[in-house]
Amino acid sequence: MTGLITMDDLTNEEILDILDDAERLLPVAKGELYLPLLQGRIMGNLFFEPSTRTRMSFETAMKRLGGGVVNLGDVKTSSVVKGETLYDTIQMVDGYTDIIAMRHPRQGAAQYAQDAARVPILNGGDGAGNHPTQTMLDLFTIRQAHGKLDGLKVVLAGDLRYGRTVHSLSHALTRFGCELIFASPGLLRMPAEIVSDLQGHGANVTETEDLYGSINDADVVYMTRIQKERFADEDEYARCAGAYKLHAKHLADVKEDMIIMHPLPRVDEIHPSVDSTRHARYFEQAFNGVVARMALLCRLLGVAVPADISAAGGAL
Amino acid sequence: MTGLITMDDLTNEEILDILDDAERLLPVAKGELYLPLLQGRIMGNLFFEPSTRTRMSFETAMKRLGGGVVNLGDVKTSSVVKGETLYDTIQMVDGYTDIIAMRHPRQGAAQYAQDAARVPILNGGDGAGNHPTQTMLDLFTIRQAHGKLDGLKVVLAGDLRYGRTVHSLSHALTRFGCELIFASPGLLRMPAEIVSDLQGHGANVTETEDLYGSINDADVVYMTRIQKERFADEDEYARCAGAYKLHAKHLADVKEDMIIMHPLPRVDEIHPSVDSTRHARYFEQAFNGVVARMALLCRLLGVAVPADISAAGGAL
Amino acid sequence: MTGLITMDDLTNEEILDILDDAERLLPVAKGELYLPLLQGRIMGNLFFEPSTRTRMSFETAMKRLGGGVVNLGDVKTSSVVKGETLYDTIQMVDGYTDIIAMRHPRQGAAQYAQDAARVPILNGGDGAGNHPTQTMLDLFTIRQAHGKLDGLKVVLAGDLRYGRTVHSLSHALTRFGCELIFASPGLLRMPAEIVSDLQGHGANVTETEDLYGSINDADVVYMTRIQKERFADEDEYARCAGAYKLHAKHLADVKEDMIIMHPLPRVDEIHPSVDSTRHARYFEQAFNGVVARMALLCRLLGVAVPADISAAGGAL
């Protein structure tokens, strides 16, 4: 069976179907309804590098649907340190589980695992490569807010050079005809080959260093963390990062239904004053990780999400 | 919804109600009866410092009742090290779960978390602050042994200065009219402000350095660990700690139904010779952590514990 | 209740009964059938040293059968480091669970734990001592391939001196009348006292340094890892280990139904070219850990495995 390694594994129609499933599953994700669609199924959690949010939301998704989870656990004490290859580790977990959620520091590791496994692999991030479940929850969040994906004006801001999340999302938004504004310090610009690839797919892309000047006619502002380690010295960092810190005072003239997103954890990019504005959507976005992953788990395990979910589940 | 941060969150009547629930849940905690009252519910385990007993008994309580658990995992590899604030971590887990069990090294952290969360927080210990679920299992253990809480004579012994557990328990026992004897080395006396606060609430308190001389008319002897680190040098430690080591030979003249408790882990405070006496109740006390936490989980999640539990559950 | 500490705890008849149960449970282990035989039961996972494969397969076994698992977690942060004795740790977990799966670096620890506990202990390896659940899955794998255990010719190869796994398996195979060929470097020979003990039980044993010369009339070749640390210098290691590396090219003249096993993780003992041959059985062997442990869990918890499993379970 095939897993989800990159967003290219899904057609636009499939993406929208999965988002529909996710929306129907909201009451289950919120704990209002008990619907053990995945009872008797086991997911293996193979996190070769830590990721609190992704791992916990995968686990929650599986458990909300009645499924079980087994964790590889700390890589530093696992069989991996005894010299076991990724191929052999995958063979083992493949035998124990029905589906594998995996994060790995090396680009391409998820595809390699899928080639070795009988069960579907859900790529939870492979180095500088892909992170499609993040993209799915981002798309879900945007569609919930705006009722659609196509034709929106989306500002992606911060570290666009190293950010796997914004690369994947940019490609997906291009497929749905969004207009993209890339706002970043020069040092952290979106790589030129990605920009031209997006344009080759018909994207309308603008690049700027001026975040605050670009948010007033945006439908979505997607912030990311600027990491100190990327800069040669602290002064350079302070100067650049300072221009990518969103504060409630910057939001006076934005569109009423503009939403602010962030893959989290944030450090200083979004000031807590933003949290209580109508625009803040990053905590809801994190919660949407559960519902998006529930829909993906059902899809890859071949379990249909009932059309009338209230009738199918039991109230809690 | 409100959680349990301190014992002050509960009236005496509520405490007794919860202890009644806990008693009814005993066959479920023992694995004699299957009663999935919390099926479909998810508890988040947020242990910012390790605590084997508290964490495992929370997990067991949830799972015995059919609920699921997601763990934050090792703080050293979690998003916390990326600089995420407690506020943001709570926002995330809040979205994934129906209730959060939390331990944190900083006093006040549990209340801070409750202010940030929609779901109830069960305080599993916040630094020098509170540890109400421990107090509930202690009260349950005492009531199981003596059939009541009020009017008992309770010796609390060992490290009374730094022991969060004995502070909370002393307050609770005062509310039920127990007589308190504090037996400790001078260096580790119960803080004067706590003693006077207890007396202000009507407590009958005696302080002594003589443990062995105070146990013969006690109904409960509650031992705690004396930590070497508290003392300036090893000699001082050896001299003091030596006077707070209970051995079976000390029990010749105690009351027949006197019980010996300890929050565990013990080191040398209770000699193994005590384990086989009729007085030893510390392992049962540890087990009672499950049943007390089951009752609290049900209460905070708004799930009623059936009056006739055998009729409601399935035999195992 | 009694657990499983060593293979001597089981008669030959009981072993075969459990293998029958394991075979019936295959569709549940594969996730084709949902049969929550252990719903409401809790297993404690006490791994005092890490073991990815054993721990994960125990967890999977329990969860496939609808049971719950609580983990002691990382020993380095558990109550064990506060000086808690194994006796006290067992008393605690004993109160939380219905059965305990345990691995410990010290020989005899599992029996010690069983003496302290009310619930059954499943020994998942105790130092140089026993590892009976590994032996059960090895026997299951052999019987699945050959339809029987008795009268087979089994080559055990590699590190026979320190290998707990091959010691246990040799004893078990002797009970079923197998012929044993021990192939190892001189330094890593099967200890003389084990050889004479096996012979005292009627075993037909041959010792050799020549692996490749002994596999052609074998029914089973059981490889193990040769650890560099066992040798005085790297040259000696390279010379010895080089003669115990199975490659597809060595298999030209072996029996058609000969199977190659390995407890995993492997390093260089079996070349990947072997993986795609009809003889490779090590990954299936790892999977069999789930089904063997399922059968043992049911047995020790007193839960009968239904004769007609398809009728008893629900299709997935």
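Residues numbered from 1 in each chain as written. Chains lettered and ligands numbered in written order. Predicted model: local features only at pLDDT ≥ 70, side-chain atom pairs only at ≥ 80, totals over all residues.

A closer look at the overall build of chain A
- A tally of regular secondary structure across chain A gives 11 helices and 11 strands.
- Taking 316 residues into account, the globule formula puts the C-alpha radius of gyration at 20 Å, and chain A, at 20 Å, falls close to it.
- Oriented by its inertia axes, the alpha-carbon framework of chain A measures out at about 50 × 50 × 35 Å.
- Residue pairs at least 24 apart in sequence account for 75% of intrachain contacts in chain A once pairs closer than 6 positions are excluded. (Helix = DSSP H or I, 4+ residues; strand = E, 2+ residues; numbered from the N terminus. Rg over C-alpha atoms; globule rule 2.2 N^0.38 Å. Contact = placed C-beta atoms within 7 Å.)

Focus on the interface of chain C and chain B
- Across the boundary between the two partners, chain C contributes 21 residues, which contact 21 residues of chain B.
- With 5 residues, the single largest contributor to the side of chain C that touches chain B is helix α4 (residues 86-96) of chain C.
- Considered class by class, the residues forming the side of chain C that touches chain B number 5 nonpolar, 10 polar and 6 charged. (Nonpolar A, V, L, I, M, F, W, Y, C, P; charged D, E, K, R; others polar.)

Looking at the domain arrangement of chain A
Residue and element names in this part refer to chain A.
- Domain annotation of chain A identifies domain 1 (7-130 + 287-315) and domain 2 (133-285).
- Computed from C-alpha atoms alone, the centre-to-centre distance between domain 1 and domain 2 is 26 Å.
- Taken residue by residue, the interface counts 20 residues in domain 1 and 18 residues in domain 2.
- When residues of the side of domain 1 that touches domain 2 are traced back to their parent elements, those giving at least two are α1 (12-24), β5 (121-126) and α10 (282-300).
- For the side of domain 1 that touches domain 2, the element with the highest residue contribution is α10, accounting for 7 residues.
- Each residue belonging to the side of domain 1 that touches domain 2 can be placed in one class, and the counts come to 11 nonpolar, 7 polar and 2 charged. (Domains from an automatic or database assignment.)

Regarding the relation of the copies chain B and chain A
- Superposing chain B onto chain A requires a rotation of 120 degrees together with a translation of 0.0 Å along the rotation axis, leaving an RMSD of 0.0 Å. Taken together, the rotation and translation relating the two chain copies correspond to the operation of a three-fold axis. (Least-squares fit on C-alpha atoms with pLDDT ≥ 70 in both.)

Some details on the interface of chain B and chain A
- Contact with chain B, which involves 21 residues of that partner, is made by 21 residues of chain A.
- For the side of chain B that touches chain A, the elements supplying multiple residues, two or more each, are β3 (68-71) and α4 (86-96) of chain B.
- Top contributing element to the side of chain B that touches chain A by residue count: α4 of chain B, with 5 residues.
- Counted by class, the side of chain B that touches chain A contains 5 nonpolar, 10 polar and 6 charged residues.

Side note on the sheet that holds strand β6 (residues 153-157) of chain C
Residues and elements named next belong to chain C.
- As summarised here, the arrangement of the 5 strands in space is β8-β7-β6-β9-β10, forming an open sheet in which the pairing is parallel. A single partner strand is all that each edge strand has here, and the edge strands are β8 (204-208) and β10 (259-261). Between one strand axis and the next, the sheet turns by 20 degrees as a mean value, whatever way the strands run.
- Pairing between β6 and strand β9 (residues 220-223): 4 bridges, direction parallel. Bridging from a neighbouring strand, Ala157 pairs with Met223 of β9.
- Sheet contacts for helix α7 (residues 164-175): β6, β7 (179-183) and β9; angle to β6, the most-contacted strand, approximately 165 degrees. (Pairing = 2+ DSSP bridges. Axes fitted to C-alpha atoms, helices over the stretch in contact; angles between N-to-C directions.)

What about the environment of Leu137 of chain B?
- As for its position among the elements, Leu137 of chain B is in helix α6 (residues 132-146).
- When near neighbours in sequence (up to four residues on either side) are disregarded, Leu137 of chain B contacts Gln285, Asn288, Gly289 and Ala292 of chain B.

Section: the environment of Met261 of chain C
All names here are of chain C.
- Structurally, Met261 can be placed in strand β10.
- A tally of 27 C-beta atoms within 10 Å means that Met261 is categorised as buried.
- Taking the C-alpha atoms as reference, Met261 lies 16 Å from His131; in sequence the two are 130 residues apart.
- With residues up to four places along the chain from it excluded, the contact list for Met261 reads Asp138, Thr141, Val220, Tyr222, Arg281, Tyr282 and Gln285. (Buried ≥ 20, exposed ≤ 12 C-beta atoms within 10 Å, placed from the backbone.)

Considering the sheet that holds strand β4 (residues 99-104) of chain A
All names here are of chain A.
- A sheet is described by the order of its strands in space; here 4 strands give the open sequence β3-β2-β4-β5, paired in parallel fashion. The two strands at the open ends of the sheet, each matched to only one other strand, are β3 (68-71) and β5. Going from strand to strand, the sheet's axes swing by 15 degrees on average, the running direction of each strand aside.
- Relative to β3, strand β2 (residues 42-47) runs parallel, the two sharing 4 bridges. Looking at the pairing, Gly44 lines up with Val70 of β3.
- Lying over the sheet, helix α3 (residues 52-64) contacts β2, β3, β4 and β5, oriented at roughly 180 degrees with respect to β2.
- On top of the sheet, helix α5 (residues 109-116) reaches β4 and β5; it is set at about 160 degrees to β5, its chief contact.

Side note on the packing of α6 of chain B against helix α7 (residues 164-175) of chain B
All names here are of chain B.
- At their nearest, the axes of α6 and α7 sit 9 Å apart, and the two run at 55 degrees to each other. Taken together, the axes of α6 and α7 are oblique relative to one another. Handedness of the crossing formed by α6 with α7: right-handed. Along the contact surface, α6 presents Pro132, Gln134, Thr135, Asp138 and Leu139, while α7 presents Thr165, Ser168, Leu169 and Ala172. (Parallel < 35°, antiparallel > 145°, perpendicular 65-115°, else oblique. Left-handed = near helix turned anticlockwise from the far one by under 90°.)

Concerning unusual backbone geometry
All names here are of chain A.
- Of note, the bond from Leu264 into Pro265 is cis; its omega dihedral lies within 30 degrees of zero at 0 degrees.
- Residue position: Pro265 is located in the loop between β10 (259-261) and α10.
- Phi at Leu264 is positive, roughly 60 degrees, even though this residue is not glycine.
- In this structure, Leu264 sits in the loop between β10 and α10.
- Leu264 sits in the buried class, given 23 other C-beta atoms within 10 Å.

Observations concerning the pairing of strand β6 (residues 153-157) of chain B
Residue and element names in this part refer to chain B.
- Of all the 5 residues making up β6, 4 are buried; the element is thus mostly covered by neighbouring parts of the structure.
- Judged from the 5 bridges that link them, β6 and strand β7 (residues 179-183) form a sheet pairing that is parallel. Residue pairing across strands places Leu156 opposite Phe182, the latter belonging to β7.
- Taken together, β6, α7 and β7 constitute a β-α-β crossover, and its handedness is right-handed. (Right-handed = clockwise from strand over helix to strand, strands pointing away.)

Some words on the confidence of the model for chain A
- Here chain A averages 94 in pLDDT, and 98% of its residues register 70 or above.
- On the interface metric, ipTM, the complex scores 0.94, and its pTM is 0.95. (pLDDT = per-residue confidence, 0-100.)

Description of helix α3 (residues 52-64) of chain C
Residues and elements named next belong to chain C.
- Taking 1.5 Å per residue as the helical rise, α3 with its 13 residues ought to reach 18 Å, and the 18 Å between its terminal C-alpha atoms agrees with that figure.
- Along α3, 13 of the 13 residues are buried, which leaves the element largely enclosed by surrounding structure.
- Following α3 by one or two positions, Gly66 has its phi on the positive side, about 85 degrees. (Expected span 1.5 Å × (residues − 1).)

Remarks on the nonpolar core
- Residues Met294 of chain A, Met294 of chain B together with Met294 of chain C are the most contacted members of the largest nonpolar core, which totals 292 residues.
- If we ignore the near neighbours within four places in the chain, the residues touching Met294 of chain B are Ala22, Leu25, Val28, Ala29, Ala61, Arg64 and Leu65 of chain B. (Core = buried A, V, L, I, M, F, W, Y, C linked by C-beta atoms within 7 Å.)

Here's the deal with the packing of α4 of chain C against helix α5 (residues 109-116) of chain C
Residues and elements named next belong to chain C.
- For the pair α4 and α5, the least separation of the axes is 9 Å and the interaxial angle reads 55 degrees. The orientation of α4 relative to α5 falls into the category oblique. Taken as a pair, α4 and α5 cross one another with a handedness that is right-handed. Contact with α4, carried on its side by Leu86, Tyr87, Ile90 and Gln91, involves Ala109, Tyr112, Ala113 and Ala116 of α5 and no other residues of that element.
- Classifying every residue of the contact of α4 with α5 by side-chain character gives 7 nonpolar, 1 polar and no charged.

Some details on the pairing of strand β2 (residues 42-47) of chain C
All names here are of chain C.
- In terms of burial, β2 is a largely internal element, 6 of the 6 residues being buried.
- Residues of β2 alternate between two faces, with Ile42, Gly44 and Leu46 on one and Met43, Asn45 and Phe47 on the opposite face, all of them buried.
- Remark: the β2/α3/strand β3 (residues 68-71) crossover connection has right-handed handedness.
- In this sheet, strand β4 (residues 99-104) lies alongside β2 in parallel orientation, the contact comprising 5 bridges. Residue pairing for β4: Phe47 is matched across the bridge by Arg103.

Description of the environment of His146 of chain B
- Relative to the assigned elements, His146 of chain B resides in helix α6.
- Placed 74 residues apart in sequence, His146 of chain B and Val220 of chain B show a C-alpha to C-alpha distance of 9.3 Å.

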